[in-house]
Structures are given as structure tokens and as C-alpha cells.
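What follows is the residue order along each chain.
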Amino acid sequence: MIHRVLMMLAGVALAAHADDWPQFRGVNRDAIWNETGIMQTFPKEGLKIAWKASVGNGLSSPVIAEGRVYLIGSELQKPKARECLRCLDEKTGQELWQHAYDVTCPDWAFDPKQNSGPNATPIVKGGKIYTLGQMGDLYCLDAAKGGVLWHRNLMKDFGTKEFTGTTPSPLIEGSLLILPVGADNGATVVAFDMDTGREVWRALDDPWTYASPLVISAGGQHQLIVWTPKAVTSLDPSNGKTWWREEIDTTNQYGSATPMQRGHKLLISGLMFQLDATQPAATVLWPESRSPTKVVLSACSISLLQDGCVFSGKTNGHLVCLDASDGKTLWDTDQVTGKGQGATIHLTPNGDSVLIFTDQGNLIRARLTREGYQELSRVHVVDPVQPFGGRKLIWPPPAYANGHVFIHDGAELVRASLVNDQ
């Protein structure tokens with residue numbers, strides 16, 4: 001009897017340290033994975049693959065909630081094209097349901113080299129899942145059964161163009177589903193009622209963006225941070241009114257980084273702000289030059305602000321460490337991934353080190369400090385499939401949940417164990 005009770009308590013303790021990954025970059029949209037009991041050294045024979053599933057084309061990341069895995073992709077057989085959200089059993093990979101719909105794509109989208117498909121990562125909340133397709137189809141579905149609750153098309157409703165404004169991943173703030181649409185008529189950003197799809201507010205007249213937004217708490221207010229090629233803007237997420245705005249032209253050096261907050265600092269790729277502690281306001285700390293090549297460290301990697309340092313992949317494939325106070329380079333290494341265009345380094349803090357997933361399909365555990373890069377373990381998990389610049393790459397960030405890593409290579413979804421006894 002005592003043994004049974006101890007086993008039950010151990011199960012409760014394990015569950016308490018397990019996390020879902022219900023949106024882009026995890027629970028708090030910061031790519032931090034707080035789960036404990038994760039292996040520190042990867043086995044030489046490789047990670048144990050629990051299952052693989054064919055999911056179609058695209059660059060969306062998977063999301064995990066309440067025992068289910070969701071991923072949206074496209075199926076292209078010229079002249080027909082369709083997008084499909086799949087719901088899989090988390091443990092077995094068995095498909096529980098799918099929601100598919102036809103889309104009309106331009107001819108170039110059928111080129112296999114394009115890997116054309118949805119880029120925005122779905123979001124799950126309150127028993128509903130929200131998805132955005134490449135042709136502007138915005139759906140709200142029942143997360144358990146897949147039934148359509150409401151649907152809007154951004155091209156029809158806002159006049160957006162195909163494949164534009166559909167890369168940023170939506171977020172939920174209160175009762176609102178918020179996403180950068182990139183439309184004219186003051187609709188760069190639009191907030192929808194998450195239950196009905198009704199437009200609640202629209203804001204800004206900026207160009208469309210690749211970057212996903214973030215809601216932060218600073219200066220006594222919630223602030224929606226939106227990065228476009230024209231500016232960084234802080235909006236009141238309840239009504240879309242501007243709190244503050246910093247004009248910065250990055251048109252010729254596009255970026256996709258999601259903002260990251262640590263205390264009174266706000267980081268967007270290579271641009272650091274000091275947030276006002278008493279009111280919604282901010283000032284630029286660095287860099288002194290507003291050149292796009294200084295502001296955007298990488299088109300594909302998202303910077304990490306941690307322990308007074310900024311860690312980021314760069315466009316050339318290097319991993320750099322900058323001093324968070326002034327942006328000066330502390331160190332630079334080319335030991336993480338290969339050099340070349342499209343190089344991508346995804347950083348996920350876990351415990352006292354960082355999990356690093358690269359464009360080559362490698363998973364690394366390393367300690368990142370201001371003193372240097374210390375690699376603890378490395379394992380190859382999946383082979384890259386996306387042709388780009390004379391080589392093959394993987395771009396979607398992985399998801400981490402319940403002792404496993406979930407990797408979308410652009411065609412398949414793989415679930416691999418990061419716990420020694422699984």
C-alpha cells in the first residue's frame with residue numbers, strides 16, 4: 001500500500017513538472033522550457049523516436065495541448081492545392097481528426113523548392129484552436145473535434161495579397177485574437193473577438209511583417225509590441241491605441257524575430273530598448289547606428305536575452321554573445337551550425353543550460369555565458385529537406401512538451417524523447 005502511494009505521488013510530481021506548448025514559442029511566448037528531468041547528455045545512438053507523421057508543406061511549428069498535437073500544412077498537386085490542420089494523439093501520433101480546405105495558389109507555389117505552405121503557428125486556448133493559412137484563411141475550430149466555429153478570409157475582408165501578412169503567429173490577449181494582417185486602411189494589426197471572429201479594432205498603416213507580436217507588462221500597462229519594416233510600436237492591446245513608437249527602417253533587411261522582455265529591457269533581434277518603469281514609454285539603448293544590418297542580427301533566428309547578455313544566431317551561421325547594456329560583442333563562434341544563407345539557430349533555455357536546434361537538424365545542449373560557449377552534448381535528430389542556397393535546411397522552431405521535442409522538418413513531424421526512461 002505504501003509503495004502504491006509513493007508511486008502515485010511520484011506521478012503527481014512528474015505531472016506537475018510537465019508543460020504543454022500551446023502557441024508559438026511556448027506557454028509564455030518566450031521559448032523558455034521549465035520542465036525538469038530532461039536529459040543533460042544525449043545518447044550516442046541518438047534520441048528515441050516515438051513517432052513520425054506526414055504533415056504536408058509549410059514552415060509552421062507544432063503546438064501541443066491536453067494530449068493532442070496540432071500542425072497545419074499544405075498539399076500541392078498542380079493545379080489543386082489545399083491546406084490542412086491535423087490533430088494527432090500526442091503519445092501515438094495517430095490522426096484524431098483533420099480540417100482541410102481548398103485554396104487557389106499562384107503557379108510558383110507548386111515548385112517543390114518553395115516548400116509553399118502555412119507559416120503561422122496555430123494557437124490553442126479555451127478548447128479552441130486558431131489557424132492562419134497562406135492565402136489568408138483564418139479559422140477558429142473546436143480543438144477536440146475539429147468543427148468550424150468561425151472563419152474569415154483576410155484577402156476578402158481586408159484586401160491583403162496572397163502569401164503576405166500570413167507569417168506572424170497570432171496571439172490571444174484577454175478575449176481578443178490579435179495578429180498582424182499587413183492590410184491598408186489602418187489595418188496593419190487587427191484584433192478579433194476570439195469567440196465570434198468579429199473585428200474589435202485595427203491599428204497602424206505600416207507594411208506587412210514577418211515578425212510575430214508579443215504582449216508585455218511594463219510601465220503599469222499591458223503593451224502589445226509590433227515590429228514592422230517601418231517601426232517598433234507599442235499598442236494598448238485592449239483598443240489598439242498607440243502607447244509609443246520608434247521609427248526604424250528595416251525594409252531592406254527583413255526580420256522575423258519575436259520581441260523578448262526581461263525586466264525593464266525589451267529586445268528585438270539586435271535592437272535593445274529601455275522600458276520606462278512608471279509609464280508606457282521606451283528609449284533605444286543600442287545600437288547607435290540604425291542601419292538595418294545592425295538592427296537585424298538574423299532573418300531566421302530569434303535572440304535570447306539572459307543573464308545580462310544577448311545570445312543570437314547571425315545570418316552567417318555564427319552564434320554571438322553581446323553585452324546587454326551596450327551591445328558590444330563579447331564572443332563569436334562558428335561551432336554551432338554550418339555557414340551560409342538561411343542559417344538558423346533556435347535557442348530554448350532549460351534548467352541551467354540551453355537547448356539549441358539548428359537548421360541542419362541537430363539538437364545541442366550548451367551553457368551560454370558571457371565567458372563563452374560550452375557545448376555539453378549534441379545529437380542529430382532529423383535530416384533537413386528544404387532546398388535553399390545549394391543546401392538543405394530546416395527552419396521551423398521545434399516545440400517542447402511533456403519530456404519530448406517535436407520537430408517539423410517542412411514535410412514530416414517527429415516526436416523524440418528527451419527523458420532517459422522513455
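Remember, it's a predicted structure, so these values are computed and weren't measured experimentally.

(A) Just the sheet that holds strand E12 (residues 187–193), in detail. On the basis of which strands lie adjacent, the open sheet formed by 4 strands has the order E10-E11-E12-E13 and antiparallel pairing. Among the strands making up the open sheet, the edge pair consists of strand E10 (171–173) and strand E13 (199–203). Strand-to-strand twist across the sheet, computed as the mean angle between neighbouring axes with direction ignored, equals 30°. Pairing of E10 with strand E11 (residues 176–183), which is carried by 3 bridges, proceeds in the antiparallel orientation. The residue bridging Ile 172 from the neighbouring strand is Leu 177, located in E11.

(B) Broad picture of the pairing of strand E20 (residues 271–275). Most of E20 is tucked away: 4 of the 5 residues are buried. Where strand E19 (residues 265–268) lies against E20, 4 bridges are found, and the strand directions are antiparallel. Note that in E20 the partner of Ile 268 across the bridge is Leu 271. Between the end of E19 and the start of E20, which pair antiparallel, lie 2 residues, with Ser 269 showing a positive phi angle near 55°. Relative to strand E21 (residues 282–286), E20 runs antiparallel, the two sharing 4 bridges. Paired with Met 272 across the two strands is Trp 286, which belongs to E21. Connecting E20 to the next strand, E21, in antiparallel fashion are 6 residues.

(C) Highlighting the side chain of Arg 415. Tracing the chain through its elements places Arg 415 in strand E34 (residues 412–417). With no salt bridge to any partner, buried Arg 415 finds its closest opposite charge in Glu 90, at an N-O distance of 4.4 Å. Reaching out from Arg 415, the side chain makes a polar contact with the backbone oxygen of Glu 90 at a distance of 3.1 Å.

(D) View of the packing of aromatic side chains. All chains considered together, the criterion is met by 12 aromatic pairs. A ring pair is formed by Tyr 101 and Tyr 139, whose centres lie 4.8 Å apart and whose planes are at 40°; its orientation type is tilted. Of this pair, Tyr 101 sits in strand E5 (residues 95–103) while Tyr 139 sits in strand E8 (residues 137–142), placing them 38 residues apart in sequence. Each member of the pair Tyr 101 and Tyr 139 is classed as buried. An aromatic cluster of at least three residues, connected via ring pairs, comprises Trp 21, Trp 33 and Tyr 400.

(E) Local environment of the environment of Ile 129. Along the chain, Ile 129 turns up in strand E7 (residues 128–132). As a C-alpha pair, Ile 129 and Arg 391 span 262 residues in sequence and 35 Å in three-dimensional space.

(F) Summary view of the nonpolar core. Counting 31 residues, the largest nonpolar core has Leu 47, Leu 363, Tyr 400 and Leu 418 as its most contacted members. Where this core is concerned, the elements lending two or more residues are strand E1 (49–54), strand E3 (68–77), strand E27 (353–358), strand E32 (399–401), strand E33 (404–408) and E34. By size, the runner-up hydrophobic cluster in this structure holds 25 residues, among which are Leu 319, Trp 331, Ile 364 and Ala 366.

(G) Examining unusual backbone geometry more closely. Cis geometry is adopted by the peptide bond preceding Pro 79, which originates at Lys 78 and carries an omega value of 10°. With respect to the helices, strands and loops of the structure, Pro 79 is situated in the loop between E3 and strand E4 (80–89). Between Trp 286 and Pro 287 the backbone carries a cis peptide bond, its omega angle lying at 5°. By the element assignment, Pro 287 lies in the loop between E21 and helix H3 (292–295).

Rules of the game
Residues numbered from 1 in each chain as written. Predicted model: local features only at pLDDT ≥ 70, side-chain atom pairs only at ≥ 80, totals over all residues. Heavy atoms only, no water. Pairing = 2+ DSSP bridges. Helix = DSSP H or I, 4+ residues; strand = E, 2+ residues; numbered from the N terminus. Axes fitted to C-alpha atoms, helices over the stretch in contact; angles between N-to-C directions. Buried < 20%, exposed > 50% of the residue type's maximum accessible area, 1.4 Å probe, protein only. Lys, Arg positive; Asp, Glu negative; His and termini not counted. Salt bridge = Lys/Arg side-chain N within 4 Å of Asp/Glu carboxyl O. Polar contact = N/O pair within 3.5 Å; in protein donor to acceptor, adjacent residues only side chain to side chain. Phe/Tyr/Trp six-rings, centres within 6.5 Å; stacked < 30°, edge-to-face > 60°. Core = buried A, V, L, I, M, F, W, Y, C linked by side-chain atoms within 4.5 Å.

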